[in-house]
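# Coordinate analysis (summary)
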Amino acid sequence: MAEHPTTSWQAMQNGNVFYKQQQLYTLDGKLPSIGDCIVAGCRNGGPLALMRDTTKMIAIGPATPMFAKSQIQVYSSSGEGLMLLGWDQAKIIRFGWTGDERLVILNEEGIYRLYDLQGDYIQFSLGTDAGEVGITDARIHENGLVAMTGSLQLLEVKGWEGNKPLTLANPNLSEPPAVWTLIPPDLTISRHVEVLLSVEASVLSVDNLEAVDQRLSRGPFTHMAPSPNGKSLALLTMTAMLWVVSTDFQRSLAEFDTRSVVGAEGLVRQVEWCGNDAILVTWDTLVLLVGPFGDTLQYFYAGPTFAVTEVDGVRVIGADTCDFIRKVPESSVSVFRPGSTSPSAILFDAWENFHNRSPKADENIRSIKPDLAAAVDEVIDAAGQEWEPAWQRKLLSAANFGKSFLDLYNPNDFVNMGKTLKVLNAVRQFEVGIPITFFQYNYLSPGHLISRLTSRNLHLLALNISSFLSLSPDHVLKHWASAKITKSKPVVSGTGQDAEMIGDEDVSRAIVEKFEKLGGASVSYAEIAKKAWEVGRTRLATMLLDHEPRASDQVPLLLMMKEDRLALQKAVDSGDTDLVYHVLLQLYKRLPLGEFFRLIEDGGSSLAPASRLLQVYAREQNPEMLRDFYYSDDRRVESAVLSLEEAKRMKASYDFLSCDTAGRRPPQDPTAKITSIKAAQKFFSEDKERSFEAKMMDEYSRLLTFQQTLKKETTDKIEFFGLSVDETIKECLLNGMSKRADKLKSDFKVPDKRFWYLKLHALTAMRDFEGLETFSRSKRSPIGYEAFLRHLVEKGHTKEAVSYVQRCDANKRIDLYVECGEWVMAGKECKERGDRARLEKLRASCPNSLIARELDQIASTMK
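Small disclaimer: the values here were computed from a predicted structure and weren't measured. (Residues numbered from 1 in each chain as written. Predicted model: local features only at pLDDT ≥ 70, side-chain atom pairs only at ≥ 80, totals over all residues. Heavy atoms only, no water.)

Quick look at unusual backbone geometry now. Of note, the bond from glycine 219 into proline 220 is cis; its omega dihedral lies within 30 degrees of zero at 0 degrees. Relative to the helices and strands, proline 220 is located in the loop between strand S18 (211-213) and strand S19 (221-226). Residue asparagine 14 is not a glycine yet carries a positive backbone phi of 60 degrees. Tracing the backbone shows asparagine 14 in the loop between strand S1 (9-12) and strand S2 (17-26). For arginine 215, which is not glycine, the phi dihedral falls at a positive 55 degrees. Its place among the elements puts arginine 215 in the loop between S18 and S19. (Helix = DSSP H or I, 4+ residues; strand = E, 2+ residues; numbered from the N terminus.)

Take a look at the structure:
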């Protein structure tokens, strides 16, 4: 039968407050001698890390477990060994724990590592400057650390992601402080870390902005300890006076002379807080609890102890036991305090009477009927505060008894408490060794507790708790899968080229089946596959990735694994254009160009979308890459077209660039354009079906070369480059280069008709009508003379056009005269032809009466 809860209560403050020493575990020498070790404890029932103190002489014997000075051993609170770390780096300056139970080890070179409970670590540095001057001391809190350099500067690291250290305000120290501590940023008003340094008789308060001297006169101090809520600070002076002040140093809260303690021998080992109300002072065999009004309680141990401050008490680890000292919660005092008349105490008494079949049960219930709901709630809370399962059951039974008399009562708190206590009792077992209290459990959340179980590889217990609390098992499954991959070892089957790793299929099958069975739908297989790849099991990683439904998670890891073809295939199958581009660009940066193109070409139709996307991208962003791609794939026509597009872009840049003040356009690069055209001709010539295009490219390159020659002959005054054959001939005629025009006609086989038209237009534009007349009589016109007339009329030269009417067909002369505005000559032509009817029509449509009279005269002379 478990002893009554009040058996271990000890009163303070005239019996108004009680403290309790709860034995959590019996250690029986499982730990090394704490007095010979440097110890760091993790809060909230976490593990202990011990390293041999090399400054102390030790006696080596078979009775006490011992370890080398270069090792750190990690134990649970129940004394079970969790991890043994060998250390081969520079001297360790400080080690401590993060909030998620990772061990932080900082050495004198500014290198710090974060170890999980499986011995895996990640490493970061405080920077080269810190490494050069060295690190002399440090303080570690759950979410960061502050290190003191050899130059007595303070560096702060926020978080555990390897962030760059920040230099705090310069405290201007001439020597290291006697003692120092810090208040974590989540407990300060400024939300920045605050460092407290004991310097001479005072204390310096240092943050990221300033260093403030608090102007105290009772220092120097040997111990400094901030309370868990960051509002109070415990100081121990050189004269062994315990002084408690507010952290802003505006109020003195308490004083106590530890020299008056009977049985205290030697130096004080630790000053720690028991919750936020009392302070624990330890010597080698004595633990003293000092209350806020100077009341004390003494606890004796067989040897040196180590105390860990908790939010609701203090954990004391000795040679034989692990104890938890805390203030008895109000709900427990209300229920169990002798002589208590509170409703909760009466309710518990009523349940006991009911259990003993006493009629007083009904009388008790009736007496507290108005306060019964509150009494039930208080009894439920008291059940959560008890350590022994027997008393938990009694209190929950009492609460259940009480709520049966209530008409309207929400049972959620009762049910949740029952579930919570089952979880707490499970993790408090010595095999697990997490002595977490109900208050700490609520402070941290159930998910945090499950993470702590997985970090110990207690996956089955973590899964059961997750299922019991209706929490997602994804985190547990992910950690389990990673641990399974790490611990399982593949077996080599066969030899030489036939050798292959077996066992990967079994591991992959086990992981997939477990996930499907337990519903880990949101667990990313990619994360687990990455773990497999990190331990060198690429085949297993690939097999796991096949079950990953999200291509965006598959592809990056496949690229890291250099499974290039598979990564590209997965990206194409996903239909995500951005993802395909991501893979292509990554491969383009990493692979040799030929290997990159070969990868795409060998993919065939399955990678055709990737090939098309690559071409689209290269056409807009990297034409050089597209040219290489076409060449490697032996695409002659596409290569030729690409060369033409480049030549076209050169022309476009010429056409649309702004002109200068004189209206001249910037010059082109003729050589580059000719080179592009010749390259296109070469590519076309290599394809038998593209002989026509090859011939056209050859002629175009010759034309451009000829245009360069013309430009040089005109001393760059006339821009010929880029013009068509017709435009070049016309430009030659306009500038008096008729022989060059004739040569162009001959070289490029310009038809006579087109040449005559070009020359007609050029001479008309020059208003060289005599030359035009001479040209028209040089030989029989292949375009006739009506073209001359109509062009002259179109350009407004009607008088010059009249001379060409007689050379045109007789049937059209009348209309041609009219087009030239010569109505009278048209009438004469009618007379010569004897066409009176046509003359009458001219008379009817003539523009004015003067012309009409002249036409009448011509008509009157006709027979």
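So, on to the environment of asparagine 416. When you line up the elements, asparagine 416 lands in helix H7 (residues 412-428). Judged by its relative accessible area of 43%, asparagine 416 is partly exposed. Asparagine 416 sits 225 residues away from valine 641 along the chain, and the two C-alpha atoms are 75 Å apart. (Buried < 20%, exposed > 50% of the residue type's maximum accessible area, 1.4 Å probe, protein only.)

Counted by the stated rule, this structure contains 17 aromatic pairs. Look at tryptophan 756 and phenylalanine 775: their rings are 4.0 Å apart centre to centre, the planes differ by 35 degrees, and that puts the pair in the tilted class. Here phenylalanine 775 lies in helix H27 (residues 769-776) and tryptophan 756 lies in helix H26 (residues 752-766), a separation of 19 residues in the sequence. Counting every residue linked through ring pairs, the aromatic cluster contains Trp756, Phe775, Tyr785, Phe788 and Tyr804. Its guanidinium or amino end placed over the ring of tryptophan 480, lysine 514 lies 5.7 Å from that ring's centre, counting from NZ or CZ. The side chain of arginine 807 reaches across the aromatic face of tyrosine 785, ending 5.3 Å from its centre. (Phe/Tyr/Trp six-rings, centres within 6.5 Å; stacked < 30°, edge-to-face > 60°. Lys NZ or Arg CZ within 6 Å of the ring centre and 35° of its normal.)

The subject of this paragraph is the pattern of salt bridges. When the charged atoms of two side chains lie near each other, side chains of opposite charge can form a pair. In the structure shown here, the tally under the stated rule is 26 salt bridges. Residue glutamate 255 is joined to arginine 218 by a salt bridge in which the shortest nitrogen-to-oxygen separation is 2.7 Å. Here glutamate 255 is found in strand S22 (residues 252-257), whereas its partner arginine 218 is found in the loop between S18 and S19, with 37 residues between them in sequence. Arginine 259 is the partner of aspartate 257 in a salt bridge, and the nearest nitrogen-oxygen pair spans 3.1 Å. Among the residues examined, aspartate 257 registers a relative accessible area of 24% and is labelled partly exposed. The exposure class of arginine 259 is exposed, given its relative accessible area of 56%. Taken together, the shared-partner salt bridges connect Asp504, Glu505, Arg537 and Arg539 into one network. (Salt bridge = Lys/Arg side-chain N within 4 Å of Asp/Glu carboxyl O.)

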